[in-house]
Amino acid sequence: MRFLKSLAGLSLSAALLSSSAFAGEIILNSDQSDPAPRQAMEELIADFQAKHPDITVKWNNFDHEGYKSAIRNFLTADAPDVAAWYAGNRMEPFVKAGLFEDVSDVWEANGLNDELKSAAASMTIDGKKWGVPYTYYQWGIYYRKDIFAEQGITPPKTWDELLAACAKLKEAGISPFTIGTKALWPTGGWFDYLDLRVNGYEFHMDLTSGKVPYTDPRVKAVFEKWAELVEPGYFVENHAAIDWQDAIPHLVQGKAAMYLMGNFAVAAMKDGGLKEDQIGFLQFPQINPDLPMAEEAPTDTFHIPSGAKNKEDAKVFLAYLASPEAQSKMNKTLGQLPVNSKSETPEDPFLDAGFKMLSNAYALAQFYDRDAPAAMAKAGMEGFQEFMVKPDKVDDILARLDKVRERAYK
Amino acid sequence: MPLAPARPQTFWSRHKRSLTPWLFLAPGLVMFLLYVLIPIVQSVWISFHDWDGLGEKVWIGIENYVELLDDDTFYVSLKNNVLWLLLYLLAIPGGLAVALFLNQTVFGIRLYKSLFFFPFVISQVVVGLMFTWFYAPDFGLFSALIEWLTGEQVAILADERFVTYGIIVAGLWPQTAYCMILYLTGLNNINPEQVEAARMDGAKGLKLLWHVILPQLAPASFIALVVTVIGSLRSFDLVSIMTAGGPYGSSQVLSYFMYEQALSEYGFRMGYGAAIAVVLFLIMMVFITVFIVRMLSQERNG
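Only a predicted model underlies this, so the values are computations on that prediction, with no experimental measurement involved.

**Here's the deal with the overall build of chain A**
Turning to step 1, where the next piece is worked out: On a plain count of helices and strands, chain A comes out with 20 helices and 14 strands.
Turning to step 2, where the next piece is worked out: Rg of the C-alpha trace for chain A: 23 Å, near the compact-globule value of 22 Å for 410 residues, within the 12% margin.
Turning to step 3, where the next piece is worked out: Structurally, chain A occupies a C-alpha span of about 75 × 50 × 40 Å along its principal axes.
Turning to step 4, where the next piece is worked out: Taking all 410 residues of chain A together, 55% fall into the buried category.
Turning to step 5, where the next piece is worked out: Taking the intrachain contacts of chain A between residues at least 6 apart in sequence as the baseline, contacts between residues at least 24 apart amount to 76%.

**What to know about the interface of chain B and chain A**
Interface size is commonly expressed as the accessible area that is lost once the parts come together.
Turning to step 1, where the next piece is worked out: At the interface, 26 residues of chain B touch 29 residues of chain A.
Turning to step 2, where the next piece is worked out: For the pair chain B and chain A, the summed buried surface comes to about 2400 Å²; carbon and sulfur atoms form 55% of the total.
Turning to step 3, where the next piece is worked out: Contact with chain A buries surface across chain B, with Leu54, Tyr248 and Tyr266 of chain B losing the most and accounting together for 36% of the total.
Turning to step 4, where the next piece is worked out: In this assembly, chain B and chain A are joined by four salt bridges.
Turning to step 5, where the next piece is worked out: Between Glu67 of chain B and Arg407 of chain A there is a salt bridge; the shortest N-O distance is 2.8 Å.
Turning to step 6, where the next piece is worked out: Every element with two or more residues in the side of chain B that touches chain A is listed here: helix 2 (63-69) and helix 12 (237-242) of chain B.

**Considering the pattern of salt bridges**
Turning to step 1, where the next piece is worked out: A full pass over the atoms with the stated rule returns 28 salt bridges over all chains.
Turning to step 2, where the next piece is worked out: Between Lys378 of chain A and Glu382 of chain A there is a salt bridge whose closest N-O contact spans 3.0 Å. Of this pair, Lys378 of chain A and Glu382 of chain A are both found in helix 19 (residues 374-389), four residues apart, which corresponds to roughly one turn of the helix.
Turning to step 3, where the next piece is worked out: You can call Lys378 of chain A buried: its relative accessible area is 12%.
Turning to step 4, where the next piece is worked out: Exposure remark for Glu382 of chain A: the relative accessible area of 12% places this residue in the buried category.
Turning to step 5, where the next piece is worked out: Of the charged contacts in the structure, one is a salt bridge between Arg269 of chain B and Glu67 of chain B, with a shortest N-O distance of 3.0 Å.

**Side note on the sheet that holds strand 12 (residues 299-303) of chain A**
Residues and elements named next belong to chain A.
Turning to step 1, where the next piece is worked out: The strand order across the open sheet built from six strands is 2-1-3-12-6-13, with neighbouring strands paired in mixed fashion. Sheet topology places strand 2 (56-61) and strand 13 (337-338) at the edges, where each strand pairs with a single neighbour.
Turning to step 2, where the next piece is worked out: The pairing of strand 3 (residues 82-86) with strand 12 spans four bridges and is antiparallel. Counterpart to Tyr86 in the pairing with strand 12 is Asp300.
Turning to step 3, where the next piece is worked out: Running at roughly 55° to strand 1 (residues 25-30), helix 15 (residues 311-322) makes contact with strand 1, strand 2, strand 3, strand 6 (132-136) and strand 12 of the sheet.

**Concerning the confidence of the model for chain B**
Turning to step 1, where the next piece is worked out: Chain-level pLDDT for chain B is 88 on average; 97% of the residues reach the 70-or-more range.
Turning to step 2, where the next piece is worked out: The ipTM for the predicted assembly is 0.76, set against a pTM of 0.80.

**Focus: the domain arrangement of chain A**
Residue and element names in this part refer to chain A.
Turning to step 1, where the next piece is worked out: You can read the domains of chain A as domain 1 (18-136 + 298-355) and domain 2 (139-296 + 373-408).
Turning to step 2, where the next piece is worked out: Computed from C-alpha atoms alone, the centre-to-centre distance between domain 1 and domain 2 is 30 Å.
Turning to step 3, where the next piece is worked out: Facing eight residues of domain 1, the contacting portion of domain 2 comprises 12 residues.
Turning to step 4, where the next piece is worked out: Both faces combined, the contact of domain 1 with domain 2 buries some 720 Å², and carbon together with sulfur accounts for 66% of it.
Turning to step 5, where the next piece is worked out: Ranking the residues of domain 1 by area buried against domain 2 places Asn89, Pro298 and Phe350 at the top, with a combined share of 67%.
Turning to step 6, where the next piece is worked out: Between the two partners, domain 1 and domain 2, sit zero salt bridges.
Turning to step 7, where the next piece is worked out: Of the residues in the side of domain 1 that touches domain 2, the class split is five nonpolar, two polar and one charged.

Definitions and limits used
- Residues numbered from 1 in each chain as written.
- Chains lettered and ligands numbered in written order.
- Predicted model: local features only at pLDDT ≥ 70, side-chain atom pairs only at ≥ 80, totals over all residues.
- Heavy atoms only, no water.
- Helix = DSSP H or I, 4+ residues; strand = E, 2+ residues; numbered from the N terminus.
- Rg over C-alpha atoms; globule rule 2.2 N^0.38 Å.
- Buried < 20%, exposed > 50% of the residue type's maximum accessible area, 1.4 Å probe, protein only.
- Contact = heavy atoms within 4.5 Å.
- Buried area = accessible area lost by both parts, 1.4 Å probe.
- Salt bridge = Lys/Arg side-chain N within 4 Å of Asp/Glu carboxyl O.
- Pairing = 2+ DSSP bridges.
- Axes fitted to C-alpha atoms, helices over the stretch in contact; angles between N-to-C directions.
- pLDDT = per-residue confidence, 0-100.
- Domains from an automatic or database assignment.
- Nonpolar A, V, L, I, M, F, W, Y, C, P; charged D, E, K, R; others polar.

See the structure below:
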């Protein structure tokens, strides 16, 4: 027993040692492991420390995938002062478990309720704000301008125009859409947009928060629209074997003409050899003309864990992160859109198009795997993937999804 | 004869003989208790709860198991585990064949042996990645071959009909090498006199192999069977690297299903994951018990 106690004591003191922060130091955990985000973060920290010389930031940068499980450990065991995460339902488990600090006062004191208005809804749970958003990006259809011109296709604005464009491309031996569904999530973008266009934002939110069964005929209607693309073979073959990056060569080689993706794909397309004037961006076409257009714009955020040691300085950091100058500079490096409406608009043509689209958007969805809880998202996207391979099994898939829904939201 | 002065008998001196073995065993036993037995009990305990790993555990009795019986993925995993178990056994005759082939003295045989052993040395992750590229549509060697033969492309890892077989083939590669090494050591211990005598009696070829060589290789075969069966039930790394259980869960196996439910990005259902772990443990227990009983009876006879 003695031995066990001393062992416990030892591990405790080790835990204390590793997290003992000096006054004026904040520990920041995040997952900016790619080059651009990493650089943006380094600049942000340097600028912050220049403005607040009395505070130093100790930054632990995690690998992107590893972070998702690491955060659960460090929030309970050894909480940093600031942690990166995502908006919407993705942060709900941590909020409900009391692991995130209410930061409504930071919003109040810095006028963020006004400046960050577009993301306010997705940062609110139980009427309180649980973090500060700093960047988001648009989703939409990226297409090969030159191929469209060759085939005499004008960018489609409605569903019928899209179907006509697809038929024309298919006839010319070009796959209309490329996609890689191995990692599942790219299917979520399709489902989200089809649901937003067929049933609207409110219905989509009800569905992702578990209030509507998947066996509802309105959900079935979404899949009927989807089948109009799947059944004629408008997606590249073998998409279940490849990742989203592997889908880009199809576009670069001209074997496919369109790609529904987030704006981060543009960098990969340019790396693949496409020139800027070969790439076009178009908003996901209208399906139900009576519905206002809502868009998909996943938001990245920073939070203060409730176990943080230095909450005062952490709040100063969040306030700085929310400021227009910090967000302008950061998003310029990131190649994404600032959330703060007083920030400078980006010069990049795709970001500019996205910025205009999102400013006029009726509402913003986060993304299927952020709006729906984890267990539902996983089963859902697996179902979407199966549907994209075997569209005739739609009823089985929806029945299965509803079984998961009943359990996941209880 | 003078009596020796009666020394006070201490506890230690009285029980020295019976205590010493336990003292030597103690470090191992403590480790075994701490890292094997207690976690098993904890897993069983957790499997009766609804727990996300963060909040309070809620006792729900056998509900996790009831749900498991109603879960399609569970049956897919179970079916795939059986497939793994059966097809993985091919590694044993495969390993034997390679070992017999390599059991000769020609120039550079050590190099050939190490080349055949190579896949077992590299990490399973690397094996998985290599086979993923091998199967990859458009640029993979295998899919190019299939396209050349049949004129049609087959994406092995995206097709629910082939995906599990594709992963098992990848797993067989290192496992065959493992069995080969076991048999090579076994072949070194073959009694040459018996082989000689059998040859004198006119036995050769398969007859010689079956009646003279194989019985002498029985210990190697037994070990090969044990590691192969257990290896097949633990088939986690390859599934994780090559498909992550996809497409749409059709290459799931119990160990990956457990990981996905309990620990992956979309999981954190600790109770449900623990229930899967318990089922997997029970299945393994069946085999382990059979092996141990056999081993004990052999020791008693031997």
